[in-house]
Amino acid sequence: MANTPTKKPEFLRKWLVSLKRKPHMIALVVLAVAFVYYSLNLTQISNTTAKIYGNGMGLAEFATMLLSMLSLVCFLNAFPHRKKTNIPMLVLMFIMSGIVIYCDIFYGSRITEAVTRADNPISAEGVNSYISSARNMLHVHTVLVIIGVVLTALLPVYRPLIKKINTSVAVEGNEQMGAIDISGEDA
């Protein structure tokens, strides 16, 4: 089966070429989206921490923010340009992402405890609706981080599949290459 060039728009072809060179960028984008999503919703988390003031909530919030940022740095150092994968940095990134996932689950459990406790439960509706928004945001953030970790772990699986995408360009005039005289003899 011969590879025939396809008729793709040029910007899509260039994007696919860059993706073939750096397929790890897919996982990086997902992890960066998770970090930005958490950062943009940090007000809800901070207000929830101030309202509930549960044991370890502030530390979990701080650890999530710090380790999310550091895991992105480790990810960038794990895949240096034109070099082999830096395994210690990759392992460190997985550990940090695992701690971020744990902190999200821990923080969500503290919200659930405060809302469902028997004595003096905190209402998550009305004025305190940011508490339920924070809980929902934590679920989405956890899922995004898990997807980023899974994409990073499955990189050896989908890298060869991405490399098989045909991004060649059909160049007209290649049929006449046999007619060119390269012998160097002048007539």
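The paragraphs below set out a description of the structure included in this document. Everything numeric in this text was worked out from a predicted model, so none of it was measured. (Residues numbered from 1 in each chain as written. Predicted model: local features only at pLDDT ≥ 70, side-chain atom pairs only at ≥ 80, totals over all residues. Heavy atoms only, no water.)

## A short note on the overall build of the protein
Using the following cut-off: Helix and strand definitions here come from DSSP, where helices need a minimum of 4 consecutive H or I residues and strands a minimum of 2 consecutive E residues; each element is numbered from the N-terminal end. When accessible area is computed with a 1.4 Å probe and restricted to protein chains, residues below 20% of their type maximum are described as buried, those above 50% as exposed, and intermediate ones as partly exposed. Contacts: residue pairs with any heavy atoms within 4.5 Å of one another. Here, Shrake-Rupley sampling with a 1.4 Å probe gives the accessible areas, and only protein chains in the shown set may cover a residue.
Across its full length, the protein carries 7 helices and 0 strands. Ordered by position from the N terminus, the helices and strands of the protein form the series α-α-α-α-α-α-α. Looking at the 187 residues of the protein, the share that counts as buried comes to 35%. Sequence separation of at least 24 residues holds for 76% of the intrachain contacts in the protein that already meet a minimum separation of 6. Total accessible area on the protein is roughly 12100 Å²; 64% of this is exposed by carbon and sulfur atoms.

## Regarding the packing of helix α3 (residues 42–52) against helix α6 (residues 129–153)
Going by this rule: Angular values range over 0 to 180 degrees, each being the angle between N-to-C directions of two axes fitted as lines to C-alpha atoms, with helices fitted over their stretch in contact. Roughly parallel here means an angle under 35 degrees, roughly antiparallel means over 145, roughly perpendicular means 65 to 115, and every remaining angle is called oblique. Note on convention: near helix rotated counterclockwise from far helix by under a right angle means a left-handed crossing. Clockwise means right-handed. Amino acids outside the nonpolar list (Ala, Val, Leu, Ile, Met, Phe, Trp, Tyr, Cys, Pro) and the charged list (Asp, Glu, Lys, Arg) are all regarded as polar, and Gly is one of them.
Packing of α3 against α6 leaves a shortest axis separation of 9 Å and a crossing angle of 125°. Viewed along their axes, α3 and α6 adopt a mutual orientation that is oblique. Remark: the crossing between α3 and α6 carries left-handed chirality. Contacts from Gln-44, Ile-45, Asn-47, Thr-48, Lys-51 and Ile-52 in α3 reach Tyr-130, Ile-131, Ser-133, Ala-134, Met-137 and Leu-138 in α6. Per-class residue counts for the contact of α3 with α6 are 7 nonpolar, 4 polar and 1 charged.

## Digging into the layout of surface pockets
What counts, and what does not: Buried and open spaces are told apart on a 1 Å grid over the protein atoms alone, a cavity being a set of points where a 1.4 Å probe fits but cannot get out and a pocket being an open set with protein on both sides within 12 Å along at least five of seven lines. Residues with an atom within 4 Å of a point are the lining residues. Grid points are joined across faces, edges and corners, and a volume is the space filled by probe spheres set on the points.
Each pocket or cavity is described by its volume, and for the largest pocket that value is around 370 Å³. Residue composition of the lining of the largest pocket, grouped by class: 6 nonpolar, 3 polar and 6 charged.

## Focus: a nonpolar patch on the surface
This is how the line gets drawn: Patch membership needs two things, relative accessible area over 30% and no salt bridge, and members are linked within 9 Å if like-charged or within 5 Å if nonpolar (Val, Leu, Ile, Met, Phe, Trp, Tyr). Salt-bridge detection follows one rule: a side-chain nitrogen of Lys or Arg within 4 Å of a carboxyl oxygen of Asp or Glu.
A surface patch of nonpolar side chains, amounting to about 390 Å² of accessible area, comprises Leu-59, Phe-62, Leu-66 and Leu-70. Its place among the elements puts Leu-70 in helix α4 (residues 57–78).

## Regarding the side chain of His-24
With respect to the helices and strands, the residue His-24 is situated in the loop between α1 (10–21) and α2 (25–40). If sequence neighbours within four positions are ignored, His-24 has contacts with Phe-75, Phe-79 and Leu-155.

## Comments concerning the side chain of Ser-97
Along the chain, Ser-97 falls in helix α5 (residues 87–116). If near-sequence neighbours (up to four positions away) are discounted, Ser-97 is found in contact with Ser-71, Val-145 and Val-149.

## Comments concerning the packing of aromatic side chains
Let me state the cut-off plainly: Stacked, edge-to-face and tilted are the three classes for Phe, Tyr and Trp ring pairs, Trp counted by its six-membered ring, which pair at centre distances within 6.5 Å; planes under 30 degrees apart are stacked, over 60 edge-to-face, the rest tilted.
Considering all chains together, one arrives at 2 aromatic pairs under this definition. With 6.2 Å between their ring centres and 25° between their planes, Tyr-102 and Phe-106 make a pair best called stacked. Of this pair, Tyr-102 and Phe-106 both sit in helix α5, 4 residues apart, which is roughly one turn of that helix. Look at Tyr-102 and you get exposed, because its relative accessible area is 54%. On the basis of relative accessible area, Phe-106 is assigned to the buried category, the value being 19%.

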